[in-house]
2 protein chains.
Amino acid sequence: MTYNVQIKVMLLKDLLDPQGKAVQAGLKNLGLNGINDVRIGKHITLQIDADSEEAAKAAADEACKKLLANPVMEFYEIEMVN
Amino acid sequence: MTYNVQIKVMLLKDLLDPQGKAVQAGLKNLGLNGINDVRIGKHITLQIDADSEEAAKAAADEACKKLLANPVMEFYEIEMVN
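Residues numbered from 1 in each chain as written. Chains lettered and ligands numbered in written order. Predicted model: local features only at pLDDT ≥ 70, side-chain atom pairs only at ≥ 80, totals over all residues. Heavy atoms only, no water.

Looking at an unreviewed UniProt entry, one finds chain A named Phosphoribosylformylglycinamidine synthase subunit PurS, with Parafilimonas terrae as its source organism. We quote the UniProt Sequence similarities (unreviewed entry) comment for chain A here in full: "Belongs to the PurS family." (UniProt positions renumbered as here; feature names shortened; annotations may be inferred.)

Quick look at the structure:
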């Protein structure tokens, strides 16, 4: 069966996010006040062929560990969508 | 009040996603088979000071329209997290 998986990869909360800071300044320059703490990460969608939802989630986890996320600087969350 | 907002910005489904294709090939080279249709977009988290959840969502929508997403090539989804 094919499972749709959504993965969010973000910089660890303790790390400075320069891209987010730049966007925050940009929003302020555009007149949008009241927006704070902008952080920007990656959103990845996958389609995984697997026998069960658990197997699909395990495959997604392996993909994150091996390629999609850098555990030194990033954390990830996997969400199954069906 | 402060509202946490999560925004997903992805390339339109009809457009080729070269970054996703490259990651898909990389996963295959790593021996992870069964993963198809990889697409990569942005995940943005904001903290918005607003009087109501509707006002916060409207501010997030304006931020997307003015800066965060390019409507010619991308679509976005806003999710309120509280």
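The structure having been displayed, the exposition proceeds.
A. Region of the structure containing the pairing of strand 1 (residues 2-11) of chain A. All names here are of chain A. Among the 10 residues of strand 1, eight are classified as buried, and the element is accordingly described as predominantly covered. For strand 1 and strand 2 (residues 35-49), the ladder comprises eight bridges, and the chain directions are antiparallel. When the sheet's bridge partners are listed, Val 5 is paired in strand 2 with Leu 46. In this sheet, strand 3 (residues 74-81) lies alongside strand 1 in antiparallel orientation, the contact comprising eight bridges. Across the sheet, residue Ile 7 finds its bridge partner in strand 3, namely Ile 78. (Buried < 20%, exposed > 50% of the residue type's maximum accessible area, 1.4 Å probe, protein only. Helix = DSSP H or I, 4+ residues; strand = E, 2+ residues; numbered from the N terminus. Pairing = 2+ DSSP bridges.)

B. Representation of the pairing of strand 2 of chain A in the model. Both strand 2 of chain A and strand 2 (residues 35-49) of chain B contribute to a ladder of 11 bridges, which runs antiparallel. Paired with A:Ile48 across the strands is B:Ile35, a residue of strand 2 of chain B.

C. Examining a nonpolar patch on the surface more closely. A surface patch of nonpolar side chains, amounting to about 330 Å² of accessible area, comprises A:Leu12, A:Leu15, A:Val72 and A:Met73. Tracing the backbone shows A:Met73 in the loop between helix 2 (53-68) and strand 3. (Patch = residues over 30% accessible without salt bridge, like charges linked within 9 Å, V, L, I, M, F, W, Y side chains within 5 Å. Areas by Shrake-Rupley, 256 points an atom, 1.4 Å probe, with all protein chains shown as cover. Salt bridge = Lys/Arg side-chain N within 4 Å of Asp/Glu carboxyl O.)

D. Geometry of the side chain of A:Arg39. By secondary structure assignment, the location of A:Arg39 is in strand 2. No salt bridge forms around the buried A:Arg39; measuring N to O, its nearest opposite-charge neighbour A:Asp37 is 4.6 Å away. Among the polar contacts listed, one links the side chain of A:Arg39 to the backbone oxygen of A:Leu12, at a separation of 2.9 Å. The residues contacting A:Arg39, other than those within four sequence positions of it, are A:Met10, A:Leu11, A:Leu12, A:Lys13, A:Leu15, A:Asp17, A:Gly20, B:His43, B:Ile44 and B:Thr45. (Lys, Arg positive; Asp, Glu negative; His and termini not counted. Polar contact = N/O pair within 3.5 Å; in protein donor to acceptor, adjacent residues only side chain to side chain. Contact = heavy atoms within 4.5 Å.)

E. Quick look at the pattern of salt bridges. Residues and elements named next belong to chain B. The final tally for this structure, using the stated rule, is six salt bridges over all chains. Linking Glu 77 and Lys 8 is a salt bridge whose minimum nitrogen-to-oxygen distance equals 3.5 Å. Residue Glu 77 is found in strand 3 (residues 74-81), and its partner Lys 8 is found in strand 1 (residues 2-11); the two are separated by 69 residues along the sequence. Given a relative accessible area of 43%, Glu 77 falls into the partly exposed group.

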